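Here is how the chains run, residue by residue.
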Amino acid sequence: SVTRNPFYLTIDYSAEATEYTGDSSTTVEITAITLDAVSVLGQESTQDNKKFLLAITDITAAEHTVVVTAADGAGNTLESTITFTVTAKPDFSLALSPGWNLISLPGSPADTAINTVMANNADVTAVVTYDASLPGGSLSAIRGDDALFAGTLTDIDGSHAYWLLSTSFKALTASIPSLAAGEAGVLPPTLDIKAGWNQIPVMDVIGSKAAGDNVNAVEYLSSLGTTVTRMYWFDTVANAWEVVDHDNAATNLKVGRGYFVYASKDGVLVP
């Protein structure tokens, strides 16, 4: 399991009433529960005394052991041991090629500051994005002699696509956090599309995709109906534009790529 805060563990006794013929005990009471030998009794919650939810805050990336003791209405007790390993979500890693790369991140990094996102790759020397909603359309930043970026582009997020000028094949890595477990009030991402050319990312709503994973083009663009009339991505190695057959049900977009789409009218992209 990938770490998140809080980390939810489900303890399910729904089969309690089926242990033997004539079993009339349908619910249980948890009488003891420990996490790594420390009592967390009282931190569990339930609506029906059959399925329990234990919310663990600030869990570490390591192996953990939960021991649960439960009693049914007849006084029978059962001790169960659950061992699981929590791992940190791996950084998103995107292969680059020498030259201009049209890329996107599937979500926003934990820190979107351009000098934080690009800190691990000194071979990226320039970054440009196009946003049709901005006056002039483009924002850019150049890496200076002090190794820091400066310009009108100050942040790298998951809602834009970017041109990256690289001098090598060194991959770009970024820490993109998962949605916090149980987080409420956060709407899924959308992207305003303007009539004319738009530079768009491939956004990952679920948060589980890696660079190169497929996203069906028809499904991804479905909220725009028939307003998208042309779509391109840029092949850095060939130094050429490639038309994307976006109306073909067999066509996939690639996580990590950026795309240009031409829309006949304003709309909202709902990935």
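The preceding data block contains the structure.
Since this is a predicted model, take the numbers as computed values, not measurements.

We now examine the pairing of strand E1 (residues 7-12). Burial of the side chains of E1 is restricted to one face: Phe7, Leu9 and Ile11 are buried, whereas none of Tyr8, Thr10 and Asp12 on the reverse face is. The sheet contact formed by E1 and strand E5 (residues 51-56) spans 6 bridges and is antiparallel. In the sheet register, threonine 10 faces E5, and the bridge partner there is leucine 53.

Glancing now at the pairing of strand E21 (residues 259-263). Within E21, 4 of the 5 residues are buried, leaving the element largely enclosed by the surrounding structure. With 5 bridges joining them, strand E16 (residues 196-200) and E21 adopt antiparallel strand pairing. For tryptophan 197, the partnering residue across the bridge sits in E21 and is tyrosine 262. Sheet topology places strand E18 (residues 228-235) next to E21; 4 bridges connect them, and they run antiparallel. Across the sheet, arginine 230 pairs through a bridge with tyrosine 262, a residue of E21.

The relation between two aromatic rings is expressed through the spacing of the ring centres and the mutual angle of the planes. Evaluated as defined, the whole model comprises 12 aromatic pairs. An angle of 75 degrees between the planes, with centres 5.2 Å apart, marks the rings of tryptophan 197 and tyrosine 262 as edge-to-face. A residue pair is termed long-range when its members are at least 10 positions apart, and tryptophan 197 in strand E16 and tyrosine 262 in strand E21 qualify at 65 residues. Judged by relative accessible area, tryptophan 197 falls into the partly exposed class, the value being 36%. Residues phenylalanine 234 and tryptophan 241 carry aromatic rings whose centres are separated by 5.3 Å and whose planes lie at 70 degrees to one another, so their mutual orientation is edge-to-face. Taking relative accessible area as the criterion, tryptophan 241 reaches 45% and is therefore assigned partly exposed. Among the aromatic residues, those joined into a cluster by ring pairs are Tyr130, Trp163, Trp197, Tyr232, Phe234, Trp241, Phe260 and Tyr262. Cation over ring: arginine 257 sits above tryptophan 233, and NZ or CZ is 3.6 Å from the ring centre.

Look at aspartate 36: it is not a glycine, yet its phi comes out positive at around 50 degrees. By the secondary structure assignment, aspartate 36 is in the loop between strand E2 (28-35) and strand E3 (38-39). The class of aspartate 36 is partly exposed, set by a relative accessible area of 36%. In this structure, asparagine 239 takes a positive phi of about 55 degrees despite not being glycine.

Of the voids in this model, the second largest pocket is the one considered here, and its volume is about 290 Å³. Lining the second largest pocket are 18 residues, with Leu94, Ala95, Asn101, Trp233 and Arg257 positioned closest to its centre. Put simply, the parts of the chain that give the lining of the second largest pocket at least two residues each are strand E9 (99-104) and E18.

This paragraph deals with the side chain of threonine 227. Mapped onto the fold, threonine 227 is located in the loop between helix H2 (217-220) and E18. Sequence-distant contacts of threonine 227, defined by excluding residues within four places in its chain, comprise Tyr262, Ala263, Ser264 and Lys265.

Here we take up the sheet that holds strand E11 (residues 138-143). In a beta sheet, neighbouring strands are held together by backbone hydrogen bonds and run either parallel or antiparallel to one another. Pairing within the open sheet is antiparallel, and its 5 strands lie in the order E9-E13-E10-E11-E12. Each edge of the open sheet carries a strand with a single partner, namely E9 and strand E12 (149-151). Direction aside, the axes of adjacent strands within the sheet are offset by 25 degrees on average. With 3 bridges joining them, E11 and E12 adopt antiparallel strand pairing. Within E12, the position partnered with alanine 141 by the bridge is glycine 151.

Thresholds, definitions, all that
Along each chain, numbering runs from 1 in the same order as the chain's sequence is written. Given that this is a predicted model, residues contribute local features only at a pLDDT of at least 70 and side-chain atom pairs are listed and counted only at 80 or more, while totals for whole chains, interfaces and linings are drawn from all residues. Hydrogens and water are ignored here; the side-chain numbers use all heavy atoms of the structure. Categorising residues by exposure relies on relative accessible area from a 1.4 Å probe, with only protein chains included: less than 20% of the type maximum marks a residue as buried, more than 50% marks it as exposed, and the intermediate range marks it as partly exposed. Helix and strand assignments come from DSSP, with helices taken as H or I runs of at least 4 residues and strands as E runs of at least 2, each series counted from the N terminus. In this analysis, strands are considered paired if DSSP registers two or more bridges between them. Two rings from Phe, Tyr or Trp (for Trp, the six-membered ring) form a pair when their centres are within 6.5 Å of each other. A pair whose planes differ by under 30 degrees is stacked, one over 60 is edge-to-face, and the rest are tilted. Sitting over a ring, as applied to charges here, requires NZ of Lys or CZ of Arg to be within 6 Å of the ring centre and within 35 degrees of the ring normal. Definitions used throughout: a 1 Å grid over protein atoms alone; a cavity as a set of points that fits a 1.4 Å probe which cannot get out; a pocket as an open set with protein on both sides within 12 Å along at least five of seven lines; a lining residue as one with an atom within 4 Å of a point. Grid points are joined across faces, edges and corners, and a volume is the space filled by probe spheres set on the points. We call two residues in contact when some of their heavy atoms are within 4.5 Å. Helix axes are fitted to C-alpha atoms over the stretch in contact, other axes to C-alpha atoms as well, and angles between N-to-C directions run from 0 to 180 degrees.

Fair warning: the whole summary comes from geometry, so function is off the table for now.
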